[in-house]
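So the chains spell out like this:
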Amino acid sequence: MQPPGAGDSGGLPTAYVVEDDESIRTLWRWLMESNGIAVRTFETAAEFIRQYKPGAPGCLVLDLRLPGMSGVELQAYLRQNALEIPIVFVTAHGDVRTAVAAIQDGAFDFIEKPFSYRQAVSVVRKAFDRDAENRQRQARRADATARFATLTERERAVLRCVIAGKMNKLIADELAISIKTVEAHRSKLMEKMGVDSVAALVQMTVGFSLMDAPVTRA
Amino acid sequence: MLSGTVIVLAAFAYLGLLFAIAYYADKRADAGRSVIASPYVYSLSLAVYATAWTFYGSVGRAASDGVGFLPIYIGPTLMIAVWWVVMRKMLRISKQNRITSLADFIASRYGKSAALAGLVTVIAVIGILPYISLQLKAISSSYSILVHYPQISMPASAGGHPLWQDSAFAVALILAAFTIAFGTRHLDAAEHHQGMVAAIAFESLVKLVAFLAVGVFVTFGLFDGPGALFAQAATVPKLRAMMTPLAGVAGSYASWVWLTVLSMLAILFLPRQFQLTVIENLDERHLNKAIWLFPAYMLAINLFVLPIAFGGLLHFPDGAVDGDTFVLTLPMAEHKPLLALLVFIGGLSAATGMVIVETIALSTMVCNDLVMPVLLRLRALRLNERRDLTGLLLGIRRGAIVLILLLGYLYFKLAGEAYALVSIGLVSFAAVAQFAPVALGGLFWKGGTRNGALAGLVCGFAVWVYTLLLPAFERSGWLPVAFVEQGPFGIALLKPLALFGLGGLDEITHAMLWSLIANVGAYVGISLAGSPTLNERRQASLFVDVLRRSNPGGTKFWCGTASSTELHGLLARFLGGEAADDAFGAYAARKGLRWPGGELAAAAELVHEVEVHRAGAIGSASARVMVASVAKEEALEVDEVRELLDEASQVVAYSVRLEQKSRELEAASAELRAANERLKELDRLKDDFVATVTHELRTPLTSIRAFSQILSDSPDVAPEQRARFVAIITKETERLTRLIDQVLDLAKIEAGNVEWRMAAVDLRTLLSEAVAGMSRVFEERGIQVSLQVGQGELLVRADPDRLIQVVVNLLSNAAKFCAPGRGRVEVALAEEARGLRVDVRDNGPGIDVRDQEIIFDKFRQARDSVAGQPQGSGLGLYICRRIVEHLGGRIWVSSRRGEGSCFSFTVPGAQELAGQEAA
C-alpha cells in the first residue's frame, strides 16, 4: 500500500504518521490514501527514526503519548539533527498544555482527539504547503547565496552602497571611481544576482542576510 | 623602779610606736606600695578579736571555771570554717556597693533604709559600750596594780577618785586622741585605714609575744614545765574539779553551746571585726590564708591560759588576788619588773587595738548612718548647698569618737565594777548577736523586708536591754533590787533573769534564748506578712545573688535622669573637687567617653557610680538621699517594677520555652513541607490521571467517530472495507466500555463502595474456569496455556467474582505481552504456610527491575519502547493489587528483561481466615 518513491527528496510529499493505536493507524492510512495523499505509518518514534530518509518532503503526524520515546522527545530529536519537517501533533484534551508548548517549540499545528476526518486531511494538506514553502525558500536562498558568491570585491562594495540607498554620484565619490564605472558595476551585479529591480535586489540581499554571511568566493 | 612616770612613758612610747607604724603604712599606701596587702598582715589584724578580755580575762575565767573560757575561741574557729560561704559573700557585696560599716551593710540590704541604718548604729553603740568600758577597766586596773610594784594590791573602787585623778578617765581621753589621729586624719571614699590596719597587725604580735612570755615564765620558770604544773594542781581538789571539761560551767552544756554560738556571731558582727575583715580587706584571696592563720593565732594565745590560771591559783591560794590579774601579778610576785612591764604593754596593746578599731567603726556608723541623714533632712542647715562638707564630716566623726569613749567610761563607772571582764564582754557579744538574723538572713533569703528587719532588731534589742542591761544597772544600784528579784511591779513572769518562768539558766544563755526568739520571730514574721518594696527587691537580689552575678553594680532598675554636672558637683562636695574629677575621669575612661569637656550621658550607671563614691564618704543611706535629690529619680510604680522583675526572672524560663517552640515550629514546618510535597505529587498524579484517562478514552472515540463519519459520508466505500470499519468500531466500542468499567471499578474500590461477597472458594475450579474463559484469546494469538493445579479441593475465602477478575487480568496481560505464535503461559498453584499461591508465568519480554514496583500503581505502565506491544489503561494491575490486598494476600512480579515474567499472588486459606476471625 505504500506509495512508490516515498522517502526520496524529489518524491511525493508524504504524511508520516506515528501512532501506537492500531485502529487509529488504520484510520490514517485510509484517510490519506482515499484523498490521494502518500502515507506511511509507524507504531513507535524509534521505528520512524529508523526508516525516515532525511530531507524527504511531507509532514509528520505525531501522537503526543507514545510508548517509549514520546512525541515531544521525537520533536526535540529532529530539531537537534536539523531535520526540518512540519509536525502536526495529535493530542487528547488533557494534553493541550503540552501541545501548546510543542507549538511554541516550532511544531506546525495540533489536532485534538477525537478529530473528524476532514479536519485531519485539511491539516495535513496545510502542513504539506508549509513544507513546500520551506523548501522553495530554502532553494531560493541557496540560489541567492550561489549568485552572491560570484560577485567581485568591487561589485560587493557597490552593492553595499546601493542597499544603503546611496545615489551613483555619492557611490562614485566614496569609492573614488567614475560614475560611469559605478553604473557598469551596477548593471553587472544586477545581472549576476538575476534581478531586474533595485527593490528585488535589496529584498534578496537583506532577506537572506547575504552581506552578513561569510564570503565564499566562487 | 616602776614608778608611774616610767609606766606612763613606756605606754606613750608604745602608742607612739603604733602611730609611727600607722603613719609609715599610710605613706606607703599613698605611694601605692601598701604594706598591708598581705594575707599575713590581714590575718594578724583580725586578731584584734583578742582584747584585754582575752589577755587578762581568759585567765580570770579559767581560774574560776576551768576550761569554761574556751567557747569564746572555739566559736570563731568554727565560724571561720564557713567563711568561704558567708564571708566571701559579705566581702563581694561590700566591695561592689562600697559598704562602709555594718550599719551600712544591713541598711543596704533592706533597700538602703536610713531608719534601719540608724537603728543598727544605736544598737551597736549601746551594745559595744560595755565592751569598751571593759578595755578602760583593764588598762586602768593594770596600771593601778603595776604602779604599786612590787606590792600586789587590788585596785580600790574607781568611784573613789575625783575625775581628774581617775586613771580610767585619762585612759579614755588618751585613747580618744589616738583614735582620732589614727582614723580621722582624712576622708577616704572606700573607708580604708591602711595605717591603722598595719598598727593593729603589729599590736597583735606584741600582745601575743607578751602573753606567751608570761606563759613560758609561769610554766617553765615557776614550775618545771606543764607536766609538773598540772600534777601539782591535781593535788588541790578544787583545781582538779576544774580540769574536767564542762564541769565548772554554770548551765554546763547549754552554756557551752550558747557561748560558742555567741562568739561565732560576734566574730562576724562585732563592728571592729566587720571593719577589719570586710571594710579593710584589700583582696578577697586573703581570706584563704586567714581561714587557717586566724585559728592558729587563737590557739597560740590560749595555749598558756590554763597554766597561768593554775599557776596563779597555786601561787595565791588565799584568793586575795583577782584571777583577772594573774597575768600581771605573777611576774610582779616573782619580782620580774621588765616582764611585768611587757605584760602591761601587751594588755595596753590589746585594749588599745580594740578601742581604736571599734570606735572608728562606730564613729563611721554614727556619722554616716545617724547624724548625717538627720542633718541632711534638716532643710534649715542647707547642707545640700554647701560646697565642701569634708570638714563637717570629719568633725562629726571626731566628736563621735570622743563621745563613745566617754560613754564607755560612764558605763565603766556605773556598771563595770560589778562584773568580771568576761561577763562584761559577753553582754556586748549578746548585743551584736542581734544583728545576725537580719544580716545572715539578708545574705541567703530574699524574702526579708525592711520592716521585718526593723522589727527583728527592735525586739531582739529590747529583750537584750531587759535581760542583760537592766540587771547590770540593778547590780550597780541604779535600779531597785526588787526589779530583778521579784520582777517589775512584782510580776514574777517578767523577772529579767527568768523571763516567763524560764529559770535555771545562766544570764547569757537566758538572754540569748529569748532575744533570738523575739528577733528571729519578728524578722521572719513581719517579713512574711508584708511584701518587699522595689528597693528591697533590688537590693535583696544584689545581696543574695552576689556570687552568681558577673557584672557588679546595682543599676539594673534605676530609672531617672540627672545632669552629669550636677552629679559632679555633688561628688565634689563630699570628696573634694580633685577626687570627684578622678572618679569621673575613671568612669569616662572606662566607658570610652570624654570628660571633662563633654556631657557624660548621666546614665543609671553613672548615678550608681556617684552613689557608691558618695557612700564611701557618708554611707549608702545618706548617699541615696543626696543623689536622689539631684537625679530626678522617676518613681516607678510598684506594679511596673514587679513586672520588670518578673520579666527578668522569667527570661530563662521564656528562653527555654522559646527554644522548645522553635523546635516545634521547625518540626511543624518540616511536616508542612512534606505535606506540600505530597500534595504536589498528588496534584501531579491527578494531572497524569486526567491526561491518561482522556487519552485512553479519546483514542477509541476517535476511531469510532472517524470511521462512523466515513461510513455515513462515503457510500462508495467497498463492502469489504465497510465490514472492516464496522469491526473496528465494534472493537473500539468494546474497548471503551471495558475502560469505563475499569475506571468505575477503580472509583468504587477507592471509595470503599465495593460489595464483597465473601465465600469459601475452591481455587482449583476457579483457575480452571478462568483459563477456559480466556482460551479463545490464547488460541487467537497462538499461545499455549498449561494449568498445573493438581487434584482435589483447595478452599480459600474470597469474593469469587473479584478473584476471577484478578486471574483473568493476569492471563490477559500475559497473552498481550507474549509474542504471537511462540507464546507460552503457565498457571501454577502452590500451598504455602498461610494460604495458597497462584503463579502466572509467561515467556514475554520481561519487565525491568525498576518497573516491577510501579506497574502495580495506578496508570503506571512499564515503558516498553522495544516491543511496542499494545498498552492497556494502566489500571488492571492496580485493581488486581487492591483486590488481593483486600482479600488479605499479596501480589508481586518476578521477572528479568528478556526472560519472561511471573506474576504471583497469595490468598489466605479458608481455615486460616476463619481462625483469624474467631480470634
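Predicted, not measured: the structure shown is a model, and the values here were computed from it.

Asker: Can you lay out the overall build of chain A for me, pointing to particular residues and giving the numbers?
Answerer: A count of helices and strands for chain A gives 9 helices and 5 strands. Put simply, chain A has 218 residues, and 44% of those count as buried. Residue pairs in contact within chain A that sit at least 24 positions apart in sequence constitute 63% of those at least 6 positions apart. Counting every atom, chain A has about 10,800 Å² of accessible surface; 52% of that belongs to carbon and sulfur.

Asker: Describe the overall build of chain B, with residues and values.
Answerer: The helix and strand tally for chain B stands at 35 helices and 9 strands. A burial count over chain B gives 53% of its 919 residues as buried. Residue pairs at least 24 apart in sequence account for 80% of intrachain contacts in chain B once pairs closer than 6 positions are excluded. When the accessible surface of chain B is split by element, carbon and sulfur atoms take 60% of a total near 38,900 Å².

Asker: Got a sec to walk through helix 13 (residues 271-279) of chain B? Specific residues and values, please.
Answerer: In terms of residue burial, helix 13 of chain B counts as a mostly covered element, since 9 of its 9 residues are buried. Here helix 13 of chain B has its buried residues at B:P271, B:R272, B:Q273, B:F274, B:Q275, B:L276, B:T277, B:V278 and B:I279.

Asker: Break down the environment of B:M87 for me, with residues and values.
Answerer: Tracing the sequence through the fold places B:M87 in helix 5 (residues 83-97). C-alpha of B:M87 to C-alpha of B:L268: the two residues are 181 residues apart in sequence and 8.1 Å apart in space.

Asker: How would you sum up the interface of chain A and chain B? Please name residues and give values.
Answerer: At the interface, 28 residues of chain A touch 32 residues of chain B. A per-residue breakdown of the area chain A buries against chain B is headed by A:W30, A:R65 and A:P114, which together make up 25% of the total. On inspection of chain A and its partner chain B, the count reaches 3 salt bridges. For A:R118, the salt bridge goes to B:D713, with nearest N and O atoms at 2.5 Å. The element best represented in the side of chain A that touches chain B is helix 1 (residues 22-34) of chain A, accounting for 7 residues. Residue composition of the side of chain A that touches chain B, grouped by class: 10 nonpolar, 7 polar and 11 charged.

Asker: Can you explain the pairing of strand 9 (residues 901-908) of chain B? Please cite residues and give values.
Answerer: Residues and elements named next belong to chain B. Among the 8 residues of strand 9, 8 are classified as buried, and the element is accordingly described as predominantly covered. Neither face of strand 9 is left uncovered, since the one carrying S901, F903, F905 and V907 and the one carrying C902, S904, T906 and P908 both have all their residues buried. Sheet analysis places strand 7 (residues 835-842) next to strand 9, joined by 7 bridges and oriented antiparallel. In the strand pairing of strand 9, L836 is matched with V907. Inspection of the sheet shows strand 8 (residues 891-895) paired to strand 9 by 5 bridges, in the antiparallel sense. Residue pairing in the sheet places W892 in a bridge with S904 of strand 9. Between the antiparallel neighbours strand 8 and strand 9 lie 5 residues, among them G898 with a positive phi of about 85 degrees.

Asker: Tell me about the pattern of salt bridges, residues and numbers included.
Answerer: All names here are of chain B. Under the definition given, this model contains 26 salt bridges over all chains. R684 is the salt-bridge partner of E681, the closest N and O atoms lying 3.1 Å from each other. Within this pair, E681 and its partner R684 are both found in helix 29 (residues 638-713), separated by 3 residues, close to a single helical turn. Of the residues examined, E681 reaches a relative accessible area of 36% and is grouped as partly exposed.

Asker: Account for the packing of helix 3 (residues 52-65) of chain B against helix 16 (residues 326-333) of chain B, naming residues and giving values.
Answerer: Residues and elements named next belong to chain B. Two elements in contact, helix 3 and helix 16, have axes whose closest approach is 8 Å; the angle formed by their N-to-C orientations is 90 degrees. As judged from the angle between their axes, helix 3 and helix 16 are roughly perpendicular. On the side of helix 3, the interface is formed by F55, Y56, V59 and A63, while helix 16 contributes F326, V327 and L328. Considering only residue class, the contact of helix 3 with helix 16 consists of 7 nonpolar, no polar and no charged.

Asker: Can you lay out the side chain of A:E155 for me, pointing to particular residues and giving the numbers?
Answerer: With respect to the secondary-structure elements, A:E155 resides in helix 6 (residues 153-163). Within the structure, the side chain of A:E155 is placed 2.8 Å from the backbone nitrogen of A:T152, a separation counted as a polar contact.

Asker: Could you give me a rundown of helix 17 (residues 337-377) of chain B, with the residues and numbers involved?
Answerer: The first and last C-alpha atoms of helix 17 of chain B sit 57 Å apart over 41 residues, in line with the 60 Å expected at 1.5 Å per residue. At B:V371, helix 17 of chain B is deflected by roughly 40 degrees, the largest bend along its length, and proline B:P373 occurs up to four residues later in sequence.

Asker: Report on the sheet that holds strand 3 (residues 58-63) of chain A, specifying residues and quantitative values.
Answerer: Residues and elements named next belong to chain A. Read from one edge to the other, the open sheet built from 5 strands follows the order 2-1-3-4-5, with strand pairing classed as parallel. Of all strands in the sheet, those with a lone pairing partner are strand 2 (38-42) and strand 5 (109-112), marking the two edges. Adjacent strand axes in the sheet meet at a mean angle of 20 degrees, parallel and antiparallel pairs treated alike. Together, strand 4 (87-91) and strand 5 form the strand contacts of helix 4 (residues 96-104), whose direction differs from that of strand 5 by roughly 160 degrees.

Asker: Lay out the sheet that holds strand 7 of chain B with the relevant residues and their values.
Answerer: Residue and element names in this part refer to chain B. Across the sheet, which stays open at both edges, the 5 strands sit in the order 4-6-7-9-8 with mixed pairing between neighbours. Edge positions in the sheet fall to strand 4 (784-788) and strand 8, since each has one partner strand and no second. Going from strand to strand, the sheet's axes swing by 20 degrees on average, the running direction of each strand aside. Strand direction decides the pairing type here: strand 4 and strand 6 (residues 824-832), joined by 5 bridges, are parallel. Residue pairing in the sheet places S786 in a bridge with E826 of strand 6. Seen against the sheet, helix 32 (residues 800-817) touches strand 6, strand 7, strand 8 and strand 9 and runs at an angle of roughly 175 degrees to strand 9.

Asker: Account for the environment of B:K27, naming residues and giving values.
Answerer: With respect to the element layout, B:K27 can be found in helix 1 (residues 4-30). Counting along the chain gives 167 residues from B:K27 to B:Q194, while the straight-line C-alpha distance between them is 9.3 Å.

Calculation notes
Residues numbered from 1 in each chain as written. Chains lettered and ligands numbered in written order. Predicted model: local features only at pLDDT ≥ 70, side-chain atom pairs only at ≥ 80, totals over all residues. Heavy atoms only, no water. Helix = DSSP H or I, 4+ residues; strand = E, 2+ residues; numbered from the N terminus. Buried < 20%, exposed > 50% of the residue type's maximum accessible area, 1.4 Å probe, protein only. Contact = heavy atoms within 4.5 Å. Areas by Shrake-Rupley, 256 points an atom, 1.4 Å probe, with all protein chains shown as cover. Buried area = accessible area lost by both parts, 1.4 Å probe. Salt bridge = Lys/Arg side-chain N within 4 Å of Asp/Glu carboxyl O. Nonpolar A, V, L, I, M, F, W, Y, C, P; charged D, E, K, R; others polar. Pairing = 2+ DSSP bridges. Axes fitted to C-alpha atoms, helices over the stretch in contact; angles between N-to-C directions. Parallel < 35°, antiparallel > 145°, perpendicular 65-115°, else oblique. Polar contact = N/O pair within 3.5 Å; in protein donor to acceptor, adjacent residues only side chain to side chain. Expected span 1.5 Å × (residues − 1). Bend = angle between axes of the 7 residues up to and from the residue.

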